[in-house]
Amino acid sequence: MSGYYPLMVNLVGRRCVVIGGGKIAERKVNGLLESGANDVLVVALEASGGILELSAKGSIRLEQRAYKEEDLVDAFLVFAATNVRQINQSVASHGARLGLLVNVADKAEEGVFISPSTLRRGGLLLTVTTGGASPALTAQIKQELAKQYGEDYAQKVEMLGLLRERMLLRGSFDSFRHEVLRKAAEQLAGNNIDVEVDTFSPSQLEAYIDQWMIQLQQNVDRRQR
Ligand SMILES: C[C@@]1(CC(=O)O)C2=NC(=C\c3[nH]c(c(CCC(=O)O)c3CC(=O)O)Cc3[nH]c(c(CC(=O)O)c3CCC(=O)O)/C=C3\N/C(=C\2)[C@@H](CCC(=O)O)[C@]3(C)CC(=O)O)/[C@H]1CCC(=O)O
Ligand SMILES: NC(=O)c1ccc[n+]([C@@H]2O[C@H](COP(=O)([O-])OP(=O)(O)OC[C@H]3O[C@@H](n4cnc5c(N)ncnc54)[C@H](O)[C@@H]3O)[C@@H](O)[C@H]2O)c1
C-alpha cells in the first residue's frame with residue numbers, strides 16, 4: 001500500500017470528468033460540487049436520479065452514452081466510476097497517457113488519487129483516509145468527528161478568520177499576534193459561542209471582533225509583563 005500526499009485543491013474553473021452515473025459516481029459528483037467545482041462533466045450510459053436532477057438544474061453537464069477517450073480532453077480530475085472493470089481500466093490508462101489525475105473507484109492502485117471522507121464546517125474541512133485499507137472505518141471516524149466538531153465550528157472559524165485579518169491589518173509584532181491568535185483559537189475551541197453572532201449585521205460583527213481583539217490583547221499583554 002502506498003502512502004498518500006494530502007492536498008486541498010481549488011476546482012473552480014477546472015474540468016472534472018466523471019465516467020459512470022451510478023451510486024458511486026453520484027457521491028463523487030456531490031463531493032465535487034460541495035468543493036465549488038463548476039465544470040463537471042458526467043458521461044454515463046444510465047444516470048441515477050440524483051445525477052439527472054443535477055443535470056436538469058444545470059449544476060453539471062451530462063452526456064448519456066458510452067465512454068470514449070476524447071471525454072478526457074481538457075480534464076483536470078477524472079473519476080472512473082463505472083461498474084465495468086475494463087472501462088475503468090481504460091479510463092485509468094487513457095488518463096495516465098494524458099498526465100491527468102485519475103481516481104479509480106474499484107481499483108485504487110490503478111489511479112493517482114483516492115477520495116478521503118470529508119466533513120465540512122464552513123471553512124473547516126476535516127478529511128479522513130485509511131489509504132484504501134478500510135473505507136468503512138474511514139466513514140465511522142468521520143461520524144465521530146462530526147459529533148466532536150459540531151455546526152458551531154463554521155462560525156468559530158469565520159470569527160477567527162476575521163480576527164486574524166484585523167490583526168494582520170494592524171501590523172502588530174509577529175510573536176504578539178501569534179500569541180493573541182493562539183489564545184483566541186483556544187478560547188473558541190474550549191467553549192460554545194454564547195452570543196448569536198450570526199444574527200449580527202456586518203458592522204455589529206466587526207465591532208464584536210474589535211472588542212474581542214482588545215480583550216485578548218490586554219490578556220496577552222498582562223501575561224507577557
Ligand atoms: C471515503 C469515501 C469517499 C468517497 O467515496 O467519496 C470512500 N469510500 C467511502 C465509503 C465506502 N466505500 C466502500 C464501503 C463499503 C465498506 C467497505 O468495503 O469497507 C464504504 C462505506 C460506506 O458506504 O459507508 C466500498 C469500497 N470503497 C472502495 C472499494 C474498492 C477498493 O477497495 O478497491 C470498495 C469495495 C467495493 C466492493 O466491494 O464492491 C475504494 C475506495 N473508497 C474510497 C473512499 C477510497 C479510499 C478511502 C479510504 O481512505 O479509506 C477508495 C480506495 C477509492 C476512491 O473511491 O477514491 C466514502 C465514505 C463517505 C463518507 O461517509 O464520508
Ligand atoms: N469507491 C467506493 O467507495 C466504492 C464503493 C462501492 C463500490 N465501488 C465500485 O464502484 C463502481 C461503481 O459502483 P456503483 O454502485 O456506482 O455502480 P452502478 O451499477 O450503480 O453504476 C454503474 C454506472 O456505470 C455506467 N456505465 C457502465 N458502462 C459504461 C460505459 N461504457 N460508459 C459510461 N458509463 C458506463 C452505468 O450506466 C452506471 O451509470 C463499481 O465497480 C463498484 O464495485 C466503489
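Residues numbered from 1 in each chain as written. Chains lettered and ligands numbered in written order. Predicted model: local features only at pLDDT ≥ 70, side-chain atom pairs only at ≥ 80, totals over all residues. Heavy atoms only, no water.

**Q** Which parts of the structure should I look at to understand the sheet that holds strand β4 (residues 77–80)?
**A** Within a beta sheet, neighbouring strands are joined by backbone hydrogen bonds and run either parallel or antiparallel to one another. An order of β3-β2-β1-β4-β5 is seen for the five strands of this open sheet, with the pairing classed as parallel. Since the sheet does not close on itself, it has two edges, and those belong to β3 (61–64) and β5 (101–104), each with one partner. In this sheet, adjacent strand axes meet at a mean angle of 15° when their direction is disregarded. Along the sheet face, helix α3 (residues 85–97) touches β1 (16–19), β4 and β5 and points at about 165° away from the line of β5. (Pairing = 2+ DSSP bridges. Helix = DSSP H or I, 4+ residues; strand = E, 2+ residues; numbered from the N terminus. Axes fitted to C-alpha atoms, helices over the stretch in contact; angles between N-to-C directions. Contact = heavy atoms within 4.5 Å.)

**Q** Can you walk me through the site of ligand 1 in this structure?
**A** Surrounding ligand 1, one finds 21 residues, the nearest of these being Asn103, Ser117, Thr129, Thr130 and Lys142. Ser115 places a main-chain nitrogen or oxygen 2.8 Å from an oxygen atom of ligand 1. Note that an oxygen atom of ligand 1 is positioned 2.4 Å from one of the side-chain N or O atoms of Ser117. Notes on ligand 1: free accessible area 1,100 Å², of which the protein chains cover 62%. Cavity membership is defined here by more than half of the atoms lying within 2 Å of grid points; on that basis ligand 1 lies in the largest pocket. If you list the elements that add at least two residues to the shell around ligand 1, you get α1 (23–34) and α4 (135–148). (Near = heavy atom within 4 Å. Polar contact = N/O pair within 3.5 Å; in protein donor to acceptor, adjacent residues only side chain to side chain. Areas by Shrake-Rupley, 256 points an atom, 1.4 Å probe, with all protein chains shown as cover. 1 Å grid on protein atoms, 1.4 Å probe; cavity = no way out; pocket = protein on both sides within 12 Å on 5 of 7 lines; lining within 4 Å. Sits in = over half its atoms within 2 Å of the grid points.)

**Q** Help me understand the packing of α1 against helix α2 (residues 49–57), please; the structure alone is not making it clear to me.
**A** Relative placement of two packed helices is described by the angle separating their axes and the distance separating the axes. Here α1 crosses α2 at 40°, and the two axes come no closer than 9 Å. Relative to α2, α1 is oriented oblique. At the point where α1 passes α2, the crossing takes the left-handed sense. Counting all contacts with α1, which are made through Ala25, Glu26, Val29, Asn30 and Leu33, the residues of α2 involved are Gly50, Ile51 and Leu54. Split by residue class, the contact of α1 with α2 holds five nonpolar, two polar and one charged. (Parallel < 35°, antiparallel > 145°, perpendicular 65-115°, else oblique. Left-handed = near helix turned anticlockwise from the far one by under 90°. Nonpolar A, V, L, I, M, F, W, Y, C, P; charged D, E, K, R; others polar.)

**Q** What am I meant to see in the site of ligand 2 here?
**A** In the vicinity of ligand 2 lie 20 residues, with Gly21, Ile24, Arg27, Glu46 and Tyr67 positioned nearest. One of the backbone N or O atoms of Gly21 is found 2.9 Å from an oxygen atom in ligand 2. Contacts to ligand 2 include Glu46, whose backbone N or O atom sits 2.5 Å from an oxygen atom. Isolated, ligand 2 exposes 870 Å² of accessible area, and the fraction of that covered by the protein chains is 71%. Taking a 2 Å distance to the grid points as the criterion, the majority of the atoms of ligand 2 fall inside the second largest pocket. Of all the elements in the fold, those that place two or more residues in the shell around ligand 2 are α1 and β2 (40–44). Per element, the largest residue contribution to the shell around ligand 2 is three residues, and it comes from α1. Partitioning the shell around ligand 2 into residue classes produces 10 nonpolar, five polar and five charged.

**Q** I tried to follow a nonpolar patch on the surface on my own but got confused; where do I start?
**A** A cluster of nonpolar side chains, Tyr5, Leu7 and Val9, forms an exposed patch at the surface whose accessible area comes to about 370 Å². As for its position among the elements, Leu7 is in the segment before β1. Leu7 sits in the exposed class, given a relative accessible area of 58%. (Patch = residues over 30% accessible without salt bridge, like charges linked within 9 Å, V, L, I, M, F, W, Y side chains within 5 Å. Salt bridge = Lys/Arg side-chain N within 4 Å of Asp/Glu carboxyl O. Buried < 20%, exposed > 50% of the residue type's maximum accessible area, 1.4 Å probe, protein only.)

**Q** Is there a simple way to explain the domain arrangement of the chain in this structure?
**A** Buried accessible area, meaning the area lost when the parts come together, often serves as the stated size of an interface. In terms of domains, the chain is made up of domain 1 (16–115) and domain 2 (152–224). Each of domain 1 and domain 2 has a C-alpha centre, and the two are 42 Å apart. (Domains from an automatic or database assignment.)

**Q** Honestly, the pairing of β1 in this entry has me stumped. Any pointers?
**A** Consecutive side chains of a regular strand alternate in pointing toward one face of the sheet and then the other. Here β1 shows no split at all, with Cys16 and Val18 on one side and Val17 and Ile19 on the other all buried. Relative to β2, β1 is paired through four bridges, and the arrangement is parallel. Among the inter-strand pairings, Val17 is bridged to a residue of β2, identified as Leu41. Remark: the β1/α1/β2 crossover connection has right-handed handedness. (Right-handed = clockwise from strand over helix to strand, strands pointing away.)

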